[in-house]
Amino acid sequence: MYECDLKAMHADKWIFGYGSLIWNPGFNYIKKYPAVIQGWVRRFWQGSTDHRGVPEAPGRVVTLELQEHGVCWGMAYKVASADVENVINSLNIREQGGYSLKKLKLLKSVKSKNGVIGMIYIGKPDNPNYLGPEKSEKIAEQVINARGASGPNAQYVYRLADALRNIGAEDPHVFEIERMVKDIEKA
């Protein structure tokens, strides 16, 4: 179920990516810039049974969790009005594993007051692939053992961490999971 009104797509729209969309949007856009949403944090609490895992061994990918004073960096993409419907339809397929489309305010920096309204996919706790909170060690173990059509789950973790570093973003949760996955691989 997608909560944004797809019939209102008569203007350019912003799409915010905080997971694989940061490094692999997979759609045409007019421009992009690093952006932040406030009041949310990124967590490896969403299961992936299609891209980074399978139903018998789901991978862990990121979703967002509400958190007072939270900050989540990602990439904002401006999509031309002529492309919006096709982009959303394509993303609805890509993000079908439990994500819902929402609208949130995107800012260019943590200190910004003005921003734009952007569309974002969030895996809420009521979706069938939501795995929920877990100790970081358990998340890392699950990541190491998961592989799906888009490749190993560990590759997703590494690409996300690299993409965040490339935009100058700090994310203690992602970097902790990355470190633990690397440690398990070395063992």
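Model, not experiment: these values are computed from the prediction. (Residues numbered from 1 in each chain as written. Predicted model: local features only at pLDDT ≥ 70, side-chain atom pairs only at ≥ 80, totals over all residues. Heavy atoms only, no water.)

1. Focus: helix α2 (residues 136-145)
Thought 1: Where α2 is concerned, the buried positions are Ser136, Ile139, Ala140 and Val143. Looking straight down α2, one finds that the buried residues subtend no more than 100° of arc, so they occupy a single side.
Thought 2: Buried residues in α2 make contact with β2 (31-48), β3 (59-79), α3 (153-166) and α4 (172-186). (Buried < 20%, exposed > 50% of the residue type's maximum accessible area, 1.4 Å probe, protein only. Helix = DSSP H or I, 4+ residues; strand = E, 2+ residues; numbered from the N terminus. Arc of directions from axis to C-beta. Contact = heavy atoms within 4.5 Å.)

2. Concerning the nonpolar core
Thought 1: Counting residues in each nonpolar core, the largest one holds 55 residues, and the members touching the most others are Ile37 and Phe44.
Thought 2: Looking at this core, the element that brings in the most residues is β3, giving nine residues.
Thought 3: Once residues lying within four places of it in the same chain are set aside, the contact partners of phenylalanine 44 are Arg60, Val61, Val62, Ile139, Tyr156, Val157, Leu160, His173, Val174 and Ile177. (Core = buried A, V, L, I, M, F, W, Y, C linked by side-chain atoms within 4.5 Å.)

3. Examining the pattern of salt bridges
Thought 1: Counted by the stated rule, this structure contains six salt bridges.
Thought 2: We note a salt bridge from glutamate 95 to arginine 94, for which the minimum N-O separation is 3.8 Å. The residues glutamate 95 and arginine 94 share a single accessibility class, namely buried.
Thought 3: Glutamate 178 serves as the salt-bridge partner of lysine 182, at 3.5 Å between the closest nitrogen and oxygen. (Salt bridge = Lys/Arg side-chain N within 4 Å of Asp/Glu carboxyl O.)

4. Some details on the environment of arginine 42
Thought 1: Counting through the fold element by element, arginine 42 comes out in strand β2.
Thought 2: The spacing of arginine 42 and valine 61 is 19 residues in sequence and 9.7 Å in space, taken between C-alpha atoms.
Thought 3: Each residue touching arginine 42, except ones within four places of it in the same chain, is listed here: Tyr18, Ile22, Val62, Thr63, Leu64, Cys72, Trp73, Leu160, Leu164, Asp171, His173 and Val174.
Thought 4: A polar side-chain atom of arginine 42 sits 2.8 Å from the main-chain carbonyl oxygen of tryptophan 73.
Thought 5: Among the polar contacts listed, one links the side chain of arginine 42 to the side chain of aspartate 171, at a separation of 2.7 Å. (Polar contact = N/O pair within 3.5 Å; in protein donor to acceptor, adjacent residues only side chain to side chain.)

5. Regarding the pairing of strand β4 (residues 99-106)
Thought 1: With six of eight residues buried, β4 lies mostly within the body of the structure.
Thought 2: With eight bridges connecting them, β4 and strand β5 (residues 116-123) associate as antiparallel partners. Of the residues in β5, the one forming a bridge with lysine 102 is isoleucine 120. (Pairing = 2+ DSSP bridges.)

6. Let's talk about the sheet that holds strand β1 (residues 13-17)
Whenever strands of a sheet pair, they do so through backbone hydrogen bonds, lying parallel or antiparallel.
Thought 1: The five strands lie next to each other as β2-β3-β1-β5-β4, forming an open sheet whose pairing is mixed. Two strands in the sheet have a free side with no partner beyond their single neighbour: β2 and β4. Sheet twist, expressed as the average angle between the axes of neighbouring strands with direction ignored, equals 40°.
Thought 2: The pairing of β1 with β3 spans five bridges and is classified as antiparallel. Across the sheet, the residue bridging to tryptophan 14 is lysine 78, located in β3.
Thought 3: Those strands touched by α2 are β2 and β3, and its axis lies near 45° from that of β3. (Axes fitted to C-alpha atoms, helices over the stretch in contact; angles between N-to-C directions.)

7. Structural notes on the packing of aromatic side chains
Thought 1: For the structure on display, the rule yields seven aromatic pairs.
Thought 2: Consider the rings of tryptophan 23 and tyrosine 156, whose centres lie 5.7 Å apart with planes at 65°: the pair is edge-to-face. Pair noted here: tryptophan 23 is in the loop between β1 and β2 and tyrosine 156 is in helix α3, with a separation of 133 residues, a long-range link.
Thought 3: What makes tryptophan 23 partly exposed here is its relative accessible area of 25%.
Thought 4: Measuring from ring centre to ring centre gives 6.4 Å for phenylalanine 27 and tyrosine 29, while their planes differ by 80°; the resulting arrangement is edge-to-face. (Phe/Tyr/Trp six-rings, centres within 6.5 Å; stacked < 30°, edge-to-face > 60°.)

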